[in-house]
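Understanding the architecture of this molecule
Here are the chains, one letter per residue:
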Amino acid sequence: MSHHHDAPHHGHDHELGHVIPYAIYRNVFWTLVVLTIVTVLVAAMEISKYSAALALVVAMAIASVKAFLVASYFMHLKFESKITWMYAFFPIMLLGLLLAGTFIDNPYRVSPINPDPAHKQITASEHATEHAEEHAVSHAGH
Amino acid sequence: MSSSHAAAELHDEPGAPPHIHHMDTPTAYQAAKLGMWLFLATEVLLFGGLFAAFAMYHWMYNHEFHEASRQLNKWIGGFNTLVLLFSSFTAALAVDAAQHSDNKKVVRYLAITIVCALIFLGVKYFEWSGKASHGLFPGTSHVSEHGTVKFNDENFNKEYRSFFGLYYCMTGLHALHVIFGMGLLGWVMMKARKNRFSSRYYTPVEVGALYWHLVDLIWIYLFPLLYLVG
C-alpha cells in the first residue's frame with residue numbers, strides 16, 4: 001500500500017495523509033453553500049407543478065454534486081488508495097441495485113391504490129372517492 | 001511503503017511537541033482509516049433501506065407525499081443544511097490543524113463543529129415539536145383541528161401520515177447519528193486538549209471527522225427528498 005501520490009506534497013516529508021491547502025477547503029465550502037441556496041430556490045420556483053420528474057432529477061443532481069465534493073475533498077477520497085475507493089463505491093452500487101429493483105418492481109406491484117398493475121396508475125384521491133362508501137361501512141362496523 | 005523508511009523518519013525531529021504519547025506507522029494509519037470506510041459502507045446501506053422504502057411509498061402515494069412535504073419549511077431545512085455543511089467544513093479544518101500539529105486549533109475547530117451540531121439538533125427539536133403539536137405523528141389516527149391542513153378524509157390521512165412515519169424515522173435515525181458524532185468528536189477534542197496529536201499521529205481526528213462527514217452526506221440527500229421534492 002502506498003501513500004505517495006501524483007499530487008505534489010506541501011513540504012511535509014513525514015506526513016501520513018494528504019495535506020490540502022486551506023483555500024481548497026474554503027472554496028469547496030462556499031461552493032456547497034451556493035449549491036444549497038440554488039436547490040432551495042429551484043424548489044421555491046415550484047417546477048414540480050410542471051414536471052415532478054424534472055424537479056426530482058435537478059434536486060438529486062445538485063445533492064450528488066455536493067456529496068461528491070464532500071467525499072472528494074473533506075473526506076480526502078480524491079487522494080486515497082484504490083482500495084478505499086472500492087470500499088466507498090461498493091455500498092453505493094448495492095444501494096443502486098436496491099433502488100433499481102424497487103423501481104422495476106413498483107409498476108407491477110398490486111397495491112391498495114394500484115389494483116391493476118402494469119396498467120393505469122390510479123391516484124389515491126380518485127381511489128378515495130371511489131371507495132369512500134366502502135370505508136364508511138368498514139368503520140361503522142368497528 | 002517500507003517500515004524501515006518510516007521508522008527512520010520518527011527519530012530526527014528536534015522540535016517535536018512535548019506530549020507525544022503515540023505514533024502511528026503509515027500502515028496502522030491506513031488500516032484505521034480503511035476500517036472507518038468499511039463502517040461507513042454499512043451506514044450507507046442502513047440508510048439505504050429507508051431510502052428504498054421512501055422511493056416505494058413516494059411512488060405509491062405520489063400526490064399525498066407532495067402535499068405532506070409542503071408542510072415542512074424548506075427555509076428552515078435549508079438553514080439547517082448550511083449549519084451542517086459548515087460543521088463539516090470545520091471538521092475538515094480540524095484534521096488540517098492536526099496535520100500541522102496545532103492542537104489548539106484542533107480543539108477550536110472541533111468545538112465549533114459540536115456547537116453547530118447542537119444548533120442543528122435545536123432546530124430539529126422545534127421542527128419535530130411543531131409538527132407533533134399539529135397532530136403530525138407517525139401513525140396517528142387524528143389530525144388536529146389546529147393544523148394548517150385539515151384532511152378529514154380517512155383514506156387521505158393514512159397516506160399523508162405514511163410520509164411523516166418515514167420523515168420521523170429518517171430524521172430520527174439521522175439525529176441519533178448527530179448525537180453519537182458529537183460524543184465521538186468531543187472525545188477527540190479532549191485528547192487534543194492534552195496535546196495528543198501531531199503530524200505523525202492524528203488518526204482519531206481523521207477517523208472522527210470521516211464519521212461526521214457521513215452524517216453530513218446523508219443529510220445532503222435527506223434534505224431535498226423530504227423538504228424539497230416530497
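Note that this is a predicted model, so its numbers are computed, not measured. Numbers given for residues are sequential positions, taken from 1 along each chain in its written order. A letter from A marks each chain and a number from 1 marks each ligand, given out in the order of writing. Where totals are concerned, whole chains, interfaces and linings use all residues; where local detail is concerned, this predicted model gives features only for residues with pLDDT of at least 70, and gives and counts side-chain atom pairs only at 80 or more. Values shown for side chains rest on all heavy atoms present in the structure; no hydrogens or waters enter the calculation.

Turning our eyes to something else, we now look at the overall build of chain B. When helices and strands are tallied, chain B shows seven helices and zero strands. A helix here means a DSSP run of H or I that spans at least four residues, while a strand means a run of E at least two residues long, and both kinds are numbered starting from the N terminus. For chain B, the α and β elements follow one another from N to C terminus as α-α-α-α-α-α-α. Relative accessibility under 20% of the residue-type maximum defines a buried residue, over 50% an exposed one, and the middle range a partly exposed one, all with a 1.4 Å probe and only protein chains included. When burial is assessed residue by residue, chain B has 57% of its 230 residues classed as buried. Whether two residues touch is decided by their heavy atoms; if any such pair falls within 4.5 Å, the residues are in contact. Sequence separation of at least 24 residues holds for 83% of the intrachain contacts in chain B that already meet a minimum separation of 6. For every accessible area listed, the method is Shrake-Rupley and the probe measures 1.4 Å; residues are considered covered only by the protein chains on display. Counting every atom, chain B has about 9,500 Å² of accessible surface; 65% of that belongs to carbon and sulfur.

Time to look at the packing of aromatic side chains. Working definition: rings of Phe, Tyr and Trp (its six-membered ring) pair if their centres are within 6.5 Å, and the pair is stacked with planes under 30 degrees apart, edge-to-face with planes over 60 apart, and tilted otherwise. Taken as a whole, this structure holds 23 aromatic pairs over all chains when the rule is applied. A connected cluster of aromatic rings, assembled from ring pairs, spans Tyr22(A), Tyr25(A), Phe29(A), Trp30(A), Phe74(A), Phe86(B) and Phe89(B).

Further remarks concern unusual backbone geometry. Residues and elements named next belong to chain B. With phi around 60°, Ser101 is a residue other than glycine that occupies positive phi space. If you trace the backbone, Ser101 turns up in the loop between helix 4 (74–99) and helix 5 (103–133). Non-glycine residue Asn195 carries a positive phi angle of around 55°. Tracing the chain through its elements places Asn195 in the loop between helix 6 (154–193) and helix 7 (203–229).

This part takes up the environment of Ala175(B). All names here are of chain B. Structurally, Ala175 can be placed in helix 6. A relative accessible area of 5% places Ala175 in the buried class. Here the alpha-carbon distance between Ala175 and Ala132, two residues 43 residues apart in the chain, equals 17 Å.

All right, on to the pattern of salt bridges then. Residue and element names in this part refer to chain B. Any Lys or Arg side-chain nitrogen located within 4 Å of an Asp or Glu carboxyl oxygen qualifies as a salt bridge. Counted under the stated rule, the structure contains three salt bridges over all chains. Across the pair Lys124 and Glu127 runs a salt bridge, and its minimum N-O distance is 2.7 Å. Residue Lys124 and its partner Glu127 are both found in helix 5; the two are separated by three residues, about one turn of the helix. Here Lys124 matches Glu127 in class, with each residue buried.

As a further point, take the packing of helix 1 (residues 22–44) of chain A against helix 2 (residues 52–74) of chain A. All names here are of chain A. Axes here mean lines fitted to C-alpha atoms, for a helix over just the part in contact, with angles spanning 0 to 180 degrees between N-to-C directions. At their nearest, the axes of helix 1 and helix 2 sit 10 Å apart, and the two run at 165° to each other. Taken together, the axes of helix 1 and helix 2 lie roughly antiparallel to each other. The crossing of helix 1 and helix 2 is left-handed. On the side of helix 1, the interface is formed by Ile24, Tyr25, Val28, Phe29, Thr31, Leu32, Leu35, Thr36, Val38, Thr39 and Val42, while helix 2 contributes Val58, Ala59, Ile62, Val65, Lys66, Leu69, Val70, Tyr73 and Phe74. Side-chain classes follow a simple rule in which Ala, Val, Leu, Ile, Met, Phe, Trp, Tyr, Cys and Pro form the nonpolar group, Asp, Glu, Lys and Arg form the charged group, and the remainder, Gly included, forms the polar group. The residue makeup of the contact of helix 1 with helix 2, split by class, is 16 nonpolar, three polar and one charged. For this classification, under 35 degrees means roughly parallel, over 145 means roughly antiparallel, 65 to 115 means roughly perpendicular, and everything else is oblique. Crossing handedness is defined as follows: a turn of the near helix away from the far one that is anticlockwise and smaller than a right angle gives a left-handed crossing, while the clockwise case is right-handed.

This part takes up the layout of surface pockets. Taken as a whole, the largest pocket spans an internal volume of roughly 1,000 Å³. What lines the largest pocket is a set of 38 residues, and nearest its centre among them are Ser64(A), Ala67(A), Ile92(A), Leu95(A) and Tyr221(B). For the lining of the largest pocket, the elements supplying multiple residues, two or more each, are helix 2 and helix 3 (82–105) of chain A together with helix 2 (26–60) and helix 7 of chain B. Along the lines of polarity and charge, the residues of the lining of the largest pocket split into 31 nonpolar, seven polar and no charged. The definitions used throughout rest on a 1 Å grid laid over the protein atoms alone, on which a cavity is an enclosed set of points accommodating a 1.4 Å probe that cannot get out and a pocket is an open set flanked by protein within 12 Å on both sides along at least five of seven lines; lining residues are those having an atom within 4 Å of a point. Grid points are joined across faces, edges and corners, and a volume is the space filled by probe spheres set on the points.

The subject of this paragraph is the confidence of the model for chain A. Detailed reading of the predicted coordinates is not advisable wherever pLDDT falls low. Residues and elements named next belong to chain A. The predictor attaches a confidence to each residue, called pLDDT, with possible values from 0 through 100. Scored by pLDDT, chain A comes out at a mean of 77, with 65% of its residues at no less than 70. Averaged pLDDT values over the elements of chain A bottom out at 46 in helix 5 (residues 132–140) and peak at 95 in helix 1. Below pLDDT 50 for its whole length, residues 1–13 participates in 20 contacts with residues either more than four positions away or in separate chains. Low confidence marks residues 119–142, where pLDDT is under 50. Its contacts with residues over four positions away, or in another chain, come to 23 contacts.

Let us now look at the side chain of Ser87(B). Residue and element names in this part refer to chain B. Among the structural elements, Ser87 can be located in helix 4. By the criterion applied in these results, polar contacts are pairs of N or O atoms within 3.5 Å in which, for protein atoms, one can donate a hydrogen and the other can accept it, and in which residues neighboring in sequence qualify only through two side-chain atoms. For Ser87, the side chain forms a polar contact with the main-chain oxygen of Leu84, separated by 2.7 Å. With residues up to four places along the chain from it excluded, the contact list for Ser87 reads Thr113, Cys116 and Trp212.

Residue and element names in this part refer to chain B. When the pLDDT values of chain B are averaged, the result is 84; 78% of them are 70 or greater. Within chain B, the element-level pLDDT minimum falls on helix 1 (residues 3–9), averaging 45, and the maximum on helix 4, averaging 96. Confidence drops under a pLDDT of 50 for residues 1–14, and excluding neighbours within four residues, the segment shows twelve contacts in the predicted structure. Taken as a whole, residues 141–153 scores under 50 in pLDDT and shows 23 contacts with residues more than four places along the chain or in a different chain. Of the two predicted TM-score estimates for the complex, the pTM is 0.79 and the ipTM is 0.82.

Before going further, it helps to examine the environment of Leu84(B). Residue and element names in this part refer to chain B. Its location among the elements puts Leu84 in helix 4. According to the relative accessible area criterion, Leu84 is buried, its value standing at 0%. Here Leu84 is in contact with Phe120, His174, Trp212, Val215, Asp216 and Trp219, once residues within four sequence places are set aside.

On to helix 3 (residues 62–69) of chain B. Where helix 3 of chain B is concerned, the buried positions are Glu64(B), Phe65(B), Ala68(B) and Ser69(B). In a view along the axis of helix 3 of chain B, the buried residues occupy a sector of 135°, so they form one face of it. As used here, the arc is the angular range of directions from the helix axis to the C-beta atoms.

Residue types Ala, Val, Leu, Ile, Met, Phe, Trp, Tyr and Cys, when buried and joined through side-chain atoms within 4.5 Å, form a set referred to as a nonpolar core. In terms of nonpolar packing, the biggest core is built from 92 residues, with Phe74(A), Phe163(B), Val205(B) and Leu226(B) touching the most fellow members. Tallying contributions element by element places helix 7 of chain B first for this core, with 18 residues. Contact partners of Val205(B), with chain neighbours within four places excluded, come to Ala94(B), Val95(B), Ala98(B), Val106(B), Val188(B) and Phe197(B).

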